[in-house]
Amino acid sequence: MSTIAENIRKIRESLPEGVTLVAVSKFHPAEAIQEAYNAGQRNFGESRVQELAAKVPQLPGDINWHFIGHLQTNKVKQLLQLRPALIESVDTERLLDVIDREAVKLGVTARVLMQLHVAREETKFGFSPDELMQYFADRGFERLQATHVCGVMGMASNTDDQTRIADDFNLIASTFHDICAQCPDLRGFDTVSMGMSHDYPLAVDCGSTMVRVGTAIFGERQY
Ligand SMILES: *Cc1c(COP(=O)(O)O)cnc(C)c1O
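Residues numbered from 1 in each chain as written. Predicted model: local features only at pLDDT ≥ 70, side-chain atom pairs only at ≥ 80, totals over all residues. Heavy atoms only, no water.

(A) Quick look at the overall build of the protein chain. The helix and strand tally for the protein chain stands at nine helices and eight strands. Each principal axis of the C-alpha distribution contributes one length, and for the protein chain these read about 50 × 45 × 30 Å. Within the protein chain, the fraction of its 223 residues that count as buried is 51%. Put simply, of all contacts in the protein chain between residues at least 6 apart along the chain, 59% involve residues at least 24 apart. Taken as a whole, the protein chain presents about 10,600 Å² of accessible surface, with 47% of it coming from carbon and sulfur. (Helix = DSSP H or I, 4+ residues; strand = E, 2+ residues; numbered from the N terminus. Buried < 20%, exposed > 50% of the residue type's maximum accessible area, 1.4 Å probe, protein only. Contact = heavy atoms within 4.5 Å. Areas by Shrake-Rupley, 256 points an atom, 1.4 Å probe, with all protein chains shown as cover.)

Here's what the structure looks like:
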């Protein structure tokens with residue numbers, strides 16, 4: 001068995017039922033993705049539109065591509081043309097509006113997650129929990145015509161402090177639950193994407209339903 005297949009097998013074994021594994025393949029070649037695919041993996045995460053566009057035609061058509069990087073509005077159309085299964089990194093209302101408009105034009109349904117910013121050290125992309133709560137309190141999603149908001153995505157602080165990482169994950173999960181309570185009529189809002197190679201077991205303990213694992217599957221990235 002290849003190392004990649006072995007890594008996937010071990011991670012899958014450690015995940016409870018109902019937690020989706022997204023193999024983050026950014027900066028890894030199509031051959032590595034094919035190896036993971038041959039091991040049964042179908043969900044892959046990419047962070048750049050150009051890179052995704054280059055990979056899609058080289059790989060099987062039944063892959064579910066997740067877009068996980070910062071998305072510029074001028075790349076939305078190209079991304080949607082690649083038919084991503086899920087755009088995990090919607091970080092502004094403006095981006096969401098552009099996605100919706102382009103999805104209408106293309107006659108597709110965009111599935112998205114709202115990215116939460118909770119990590120405390122650096123400025124990163126995403127809504128604050130308060131901003132996101134406000135968006136749902138105002139029922140902004142009702143304006144969307146071709147976009148399905150499926151849940152939230154977030155990252156913990158980049159630290160070794162397990163307590164702090166757990167605090168971040170708990171804040172993401174509690175924001176998700178607050179939104180569900182605020183909008184009980186919201187359909188298919190069921191995904192909490194959090195947890196990466198170094199912290200996914202803790203994320204799962206805190207309520208993650210989707211982990212995004214790169215290095216622990218494919219090894220270090222060559223930038
Ligand atoms: C790169 C990346 C990951 C995967 O990180 P690893 O540490 O390699 O597992 C997960 N989520 C996002 C948003 C990323 O950009």
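(B) Just the packing of aromatic side chains, in detail. Scanning the model with the defined rule gives five aromatic pairs in all. Centre to centre, the rings of Phe44 and Trp65 are 6.0 Å apart; their planes meet at 45 degrees, and the pair counts as tilted. In this pair, Phe44 is assigned in strand β2 (residues 43-46) and Trp65 in strand β3 (residues 64-67), connecting sequence segments 21 residues apart. Grouping residues by exposure puts Phe44 and Trp65 together as buried. Ring pairing ties together the aromatic residues Tyr135, Phe136, Phe141, Phe176 and Phe189, which thus form one cluster. (Phe/Tyr/Trp six-rings, centres within 6.5 Å; stacked < 30°, edge-to-face > 60°.)

(C) Quick peek at the layout of surface pockets. The calculated volume of the largest pocket comes to roughly 700 Å³. What lines the largest pocket is a set of 33 residues, and nearest its centre among them are Lys26, Lys124, Met155, Met196 and Arg212. Those elements giving two or more residues to the lining of the largest pocket turn out to be β5 (110-117), β6 (147-155) and β8 (210-213). Grouping the amino acids of the lining of the largest pocket by side-chain chemistry returns 12 nonpolar, 13 polar and eight charged. (1 Å grid on protein atoms, 1.4 Å probe; cavity = no way out; pocket = protein on both sides within 12 Å on 5 of 7 lines; lining within 4 Å. Points joined across faces, edges and corners; volume = space filled by probe spheres on them. Nonpolar A, V, L, I, M, F, W, Y, C, P; charged D, E, K, R; others polar.)

(D) Spatial organisation of the site of the ligand. Neighbouring the ligand are the residues Val24, Lys26, Ile68, Met155, Met196, Ser197, Arg212, Val213, Gly214, Thr215 and Arg221. Ser197 is positioned with one of its side-chain polar atoms (N or O) 2.5 Å from an oxygen atom of the ligand. Contact distances for the ligand include 2.9 Å between a nitrogen atom and a side-chain N or O atom of Arg212. For the ligand, whose accessible area on its own is 390 Å², the fraction buried by protein is 90%. Under a 2 Å grid-point criterion requiring more than half of the atoms, the pocket assigned to the ligand is the largest pocket. For the shell around the ligand, the residue count by class is five nonpolar, three polar and three charged. (Near = heavy atom within 4 Å. Polar contact = N/O pair within 3.5 Å; in protein donor to acceptor, adjacent residues only side chain to side chain. Sits in = over half its atoms within 2 Å of the grid points.)

(E) Region of the structure containing helix α5 (residues 93-106). With 14 residues, α5 should cover 20 Å at 1.5 Å per step; its first-to-last C-alpha distance of 20 Å lies within 8% of that length. Within α5 the residues assigned to the buried category are Leu95, Leu96, Val98, Ile99, Asp100, Glu102 and Ala103. The elements touched by buried residues of α5 are α4 (76-81), β4 (86-90), β5, α6 (129-137) and β6. Where α5 terminates, the next one or two residues include Gly107, which has phi positive at roughly 70 degrees. (Expected span 1.5 Å × (residues − 1).)

(F) Representation of the pattern of salt bridges. Under the definition given, this model contains 11 salt bridges. With a closest N to O distance of 3.8 Å, Lys10 and Glu6 form a salt bridge. One end of the pair, Lys10, and the other, Glu6, are both in helix α1 (residues 3-14), four residues apart, so they sit about a helical turn from each other. Taking the relative accessible area as the measure of exposure, Lys10 reaches 46% and is therefore partly exposed. Put simply, Glu142 and Arg139 hold a salt bridge, and the shortest N to O gap is 2.7 Å. Each of Glu6, Arg9, Lys10 and Glu13 takes part in salt bridges that share partners, so that together they form one network. (Salt bridge = Lys/Arg side-chain N within 4 Å of Asp/Glu carboxyl O.)

(G) Up close: unusual backbone geometry. Even without being glycine, Phe27 reaches a positive phi, approximately 70 degrees. Within the secondary structure, Phe27 sits in the loop between β1 (20-24) and α2 (30-38). For Phe27, a relative accessible area of 26% gives the class partly exposed. Even without glycine at this site, Arg139 takes up a positive phi of about 55 degrees. Within the secondary structure layout, Arg139 lies in the loop between α6 and β6.

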